[in-house]
Amino acid sequence: MLCQEMTTEQHSSGWRARWAQMRSAARAGMRSYGRILAYVRPYWRQLSAAAVSLVLISLLSLAMPWAVQRLIDSVILGQDLTQLNRIALTLAGIFAVRAALSVVYTYLISWIGERVVADLRRSIYEHLMTLSLRFFDSRRVGEIISRLSNDVQIIQNAATNNLVVLLQEIVTAVGVIAVMWTMNWRLTALMVVALPGVVLVSRVMGRRIRRITRTVQDTLADASAVVEETVSGIRTVMSFAREEHEIDRFGQKVTTLFNAAMQRTRVYATLGPIISLLMYGSLALVLWFGGREVLEGRLTAGQLIAFLFYANMLTGPLGGLASLYGQVQVALGAAERVFELLDARSEIFQDPMAEPLPPIVGDVAFRDVSFEYDPRQPVLRNITLEARPGQVVALVGPSGVGKTTLVNLIPRFYDPTGGQVEIDGHDVRRVTLRSVRDQIGIVPQETLLFSDTIASNIRYGKLDATQQEIEAAARAANAHDFIVHELPDGYETQVGERGVKLSGGQRQRIAIARAILKDPRILILDEATSSLDTESEKLVQEALERLMHPGQPGTGPSPAGGGDFVSRTTFVIAHRLSTITTADWIVVLNEGQVVEQGTHADLLAQEGSLYRHYYALQFRWDEERPPQPGETQDHPLAEEEIWPGLAVTFLGSAISSDPYTLPRERGEEPGLAPGSDA
């Protein structure tokens, strides 16, 4: 007995939990649908016109059964030719009006649907532009694109067509039931007996459809991400001969997508027949009972046939409502993914009281700055550093020590978790984002060019730049000659996706021209000469000198019309130490902290300094290249003086295939690294 009571209580508790879950899901669905309808609200006039057209179409459709009844009772049985002509002309007029209304409805509902999709996509894209880099670091491009395209498209019907069709089906059902009730209330009662079953089946299966749709859209996003990754990295795929591997990987995603879609299809395939069974079962009861009514003289044959027509018309709307409910659940599954994207909040907040940063002179200060991507792994710890206006500050340290992260705090790509970053004494969190980033230029290691012309990519630095300004910036970046003489269409040459039609050096010079045209007061060079051959590096280095020192003799004026200052405040993360020996200040980072700083000469003079160690490794690796004038030849540090586990790097770029072993420890002669080109 006790066990039975416990079992009953457990069942009761389980039902209560499921009921609470169902109510919660229903409330969430209504909230999502309300948010969808918010995008329809601006077009309520057009939607109202479409709804009126559809309601009139539905009401005009009610005339057909009436005409059939008149045809049987008055024309066929009464042999009335005049009545036949009147009925035919009336139906012809009704069908003509119905066709015209259908044109109006179809056009309006399509227009509204496309406008809603356009608005929703624009809202998502605008929101994406406000999110921080941390958001994009944790998302795949293909997944974002899938939500922006596939999911939004699914929502279109729920936002427009389904809404109006719902109104049509309700109006039709109410109108049909009213007419049927006036004709014979007993037959009508038999017809609507199936309604509770229709509602129950629709709700149960609708929830399953919504859940499965979320899985389908997630899987579709995964497949889209695979395509995006493979196409973006097609050279890597080909170089490793991994075409078959990528085909298999994509095939697995497609198979998973197919299985999920078929699971949803099975639910759909079951929903329709069950609804039809319930409705046509009621129709069979009506036919049986109505036949008895005709035989007993309480109903004419024409009335029974007309009633059956109306009953069939009722079956359509009720079945349509069930199908519509399933489609809405599909849309809600997609809407959850879309609104999840819209609800994402940037970690970079702009103070409502923030004011624009005035034109700056370029003083940049880090005040006890700390930063972490993961609380368990601090990246920067208590960094205090100041760059004076016009100074060139070089950042040196092992790969992954936080050099790029540190400079990314200046334009607020990230915010420090401790301390503050100041520009000309202004905390960057207290001024507007736009005003900060407008005065900062960045030339990254991996240059991104847009799939457009050379001129458009350079103009990205100043959208209203003239052709003369673009060409002046290209000349300053040592890019004009190759643009004019080597490219088929000069400045109108299409560069391909991500600039694939240009060499690495050419892409880098276009990026420098873009930064020159922007004419920023603060400049960030993140290993801008890495991975370039000697000739390209020389041209890029000359361009960088003009970019860093626009007002010095020999560099020429700024193409953007500025240049009233001698030098920009520049942060350099270099690839070769030879490129920063003339830097005004060199900062050495290790384990997230500033361990050394000073001029090139000062740091070389410090016995046992980490910078001196890097310098010795650099020159030894470069075939014992003699020091520059004014520099002293240093001897390599003893092995016991090298920090355990330190990667053999210089300025963040590894020169060894084994990051824990020096060339001499592997039994190799100092010189070129294994596998490198001469």
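The rules behind the values
- Residues numbered from 1 in each chain as written.
- Predicted model: local features only at pLDDT ≥ 70, side-chain atom pairs only at ≥ 80, totals over all residues.
- Heavy atoms only, no water.
- Helix = DSSP H or I, 4+ residues; strand = E, 2+ residues; numbered from the N terminus.
- Buried < 20%, exposed > 50% of the residue type's maximum accessible area, 1.4 Å probe, protein only.
- Contact = heavy atoms within 4.5 Å.
- Areas by Shrake-Rupley, 256 points an atom, 1.4 Å probe, with all protein chains shown as cover.
- Salt bridge = Lys/Arg side-chain N within 4 Å of Asp/Glu carboxyl O.
- Pairing = 2+ DSSP bridges.
- Axes fitted to C-alpha atoms, helices over the stretch in contact; angles between N-to-C directions.
- Polar contact = N/O pair within 3.5 Å; in protein donor to acceptor, adjacent residues only side chain to side chain.
- Expected span 1.5 Å × (residues − 1).
- pLDDT = per-residue confidence, 0-100.
- Core = buried A, V, L, I, M, F, W, Y, C linked by side-chain atoms within 4.5 Å.
- Parallel < 35°, antiparallel > 145°, perpendicular 65-115°, else oblique.
- Left-handed = near helix turned anticlockwise from the far one by under 90°.
- Nonpolar A, V, L, I, M, F, W, Y, C, P; charged D, E, K, R; others polar.
- Phe/Tyr/Trp six-rings, centres within 6.5 Å; stacked < 30°, edge-to-face > 60°.
- Patch = residues over 30% accessible without salt bridge, like charges linked within 9 Å, V, L, I, M, F, W, Y side chains within 5 Å.

Draft legend 1. Main features of the overall build of the protein. Regarding its fold elements, the protein presents 21 helices and 12 strands. For the protein, with 678 residues in total, the buried portion stands at 46%. Taking the contacts inside the protein whose residues are at least 6 apart along the sequence as the reference set, 75% of them involve residues at least 24 apart. Total accessible area on the protein stands at roughly 34,300 Å², and carbon and sulfur atoms take up 58% of it.

Draft legend 2. Here's a closer look at the pattern of salt bridges. Counted according to the given criterion, the structure contains 21 salt bridges. A salt bridge links D343 to R35, with the shortest nitrogen-to-oxygen separation between them at 3.0 Å. Taken together, the residues span a long stretch of sequence, with D343 in the loop between α12 (301-342) and β1 (364-374) and R35 in helix α1 (residues 2-38) at a distance of 308 residues. Residue R35 is classed as partly exposed on the basis of its relative accessible area, which comes to 33%. Residue R388 is joined to E386 by a salt bridge in which the shortest nitrogen-to-oxygen separation is 2.9 Å. Look at the salt bridges and you will find they share partners, linking R115, D119 and R122 into a network.

Draft legend 3. Molecular detail of the sheet that holds strand β7 (residues 522-526). Here 6 strands make up an open sheet; going across it, the order is β6-β7-β8-β3-β9-β10 and the pairing mixed. Where the open sheet ends on each side, the last strands, each with one partner, are β6 (440-443) and β10 (593-598). Strand after strand, the sheet turns through a mean of 20° between neighbouring axes, direction not considered. By the bridge criterion, 5 bridges tie strand β9 (residues 585-590) to β10 in an arrangement that is antiparallel. From the neighbouring strand, N590 faces β10, where its bridge partner is Q593.

Draft legend 4. How the structure looks around the side chain of H600. Considering the arrangement of structural elements, one finds H600 in helix α20 (residues 600-605). The exposure class of H600 is buried, given its relative accessible area of 6%. A distance of 2.7 Å separates a polar atom in the side chain of H600 from a polar atom in the side chain of Y611.

Draft legend 5. Molecular detail of helix α11 (residues 243-295). In this model, α11 (53 residues) spans 75 Å end to end at C-alpha, consistent with the 78 Å of a helix rising 1.5 Å per residue. G297 sits one or two residues past α11 and shows a positive phi near 80°.

Draft legend 6. Structural view of the confidence of the model for the protein. Mean pLDDT for the protein: 76, with 78% of residues reaching 70 or above. Highest mean pLDDT in the protein belongs to strand β4 (residues 418-423) (93); lowest belongs to strand β11 (residues 649-650) (32). Note on residues 560-565: pLDDT is under 50 here. Beyond four places in sequence and across chains, it has 14 contacts.

Draft legend 7. How the structure looks around the sheet that holds β4. Taken in spatial order, the 4 strands of this open sheet run β2-β1-β4-β5, and their pairing is antiparallel. At either end of the open sheet lies a strand with only one pairing partner, and these are β2 (377-387) and β5 (426-427).

Draft legend 8. Inspection of the nonpolar core at higher detail. Counting 47 residues, the largest nonpolar core has I454, I458, I483, I510, L547, I580 and Y611 as the members making the most contacts within it. Tallying contributions element by element places helix α18 (residues 504-518) first for this core, with 7 residues. Contact partners of L547, with chain neighbours within four places excluded, come to V443, I512, A515, I516, L523, L525 and R568.

Draft legend 9. Structural detail: the packing of helix α16 (residues 467-476) against α18. Relative to each other, α16 and α18 sit at 125°, their axes nearing to 8 Å. Taken together, α16 and α18 sit at an angle that is classed as oblique. Of the two elements, α16 crosses α18, and the hand of that crossing is right-handed. Residue-level inspection shows E469, I470, A473, A474 and A476 of α16 in contact with α18, the latter providing A513, I516 and L517. A class-by-class count of the residues in the contact of α16 with α18 yields 7 nonpolar, no polar and 1 charged.

Draft legend 10. Representation of the packing of aromatic side chains. Applying the stated criterion across every chain yields a total of 9 aromatic pairs. Measuring from ring centre to ring centre gives 5.5 Å for Y43 and W111, while their planes differ by 90°; the resulting arrangement is edge-to-face. Of this pair, Y43 sits in the loop between α1 and α2 (44-61) while W111 sits in helix α4 (residues 81-128); the two residues are 68 residues apart in sequence, bridging distant segments of the chain. Its relative accessible area of 12% is what places Y43 among the buried residues. Grouped by ring-pair contacts, the aromatic residues F371, Y373 and Y414 constitute a single cluster.

Draft legend 11. Layout of a nonpolar patch on the surface. On the surface, V227, V231, F250 and V254 cluster together into a nonpolar patch covering about 300 Å² of accessible area. Every element with two or more residues in the nonpolar patch is listed here: α9 (195-232) and α11. Its location among the elements puts V227 in helix α9. V227 gets classed as partly exposed once you look at its relative accessible area, which sits at 39%.

Draft legend 12. The environment of I522, seen in detail. As for its position among the elements, I522 is in strand β7. Residue I522 is classed as buried on the basis of its relative accessible area of 0%. Taking the C-alpha atoms as reference points, I522 and S567, 45 residues apart in sequence, are found 9.5 Å from one another.

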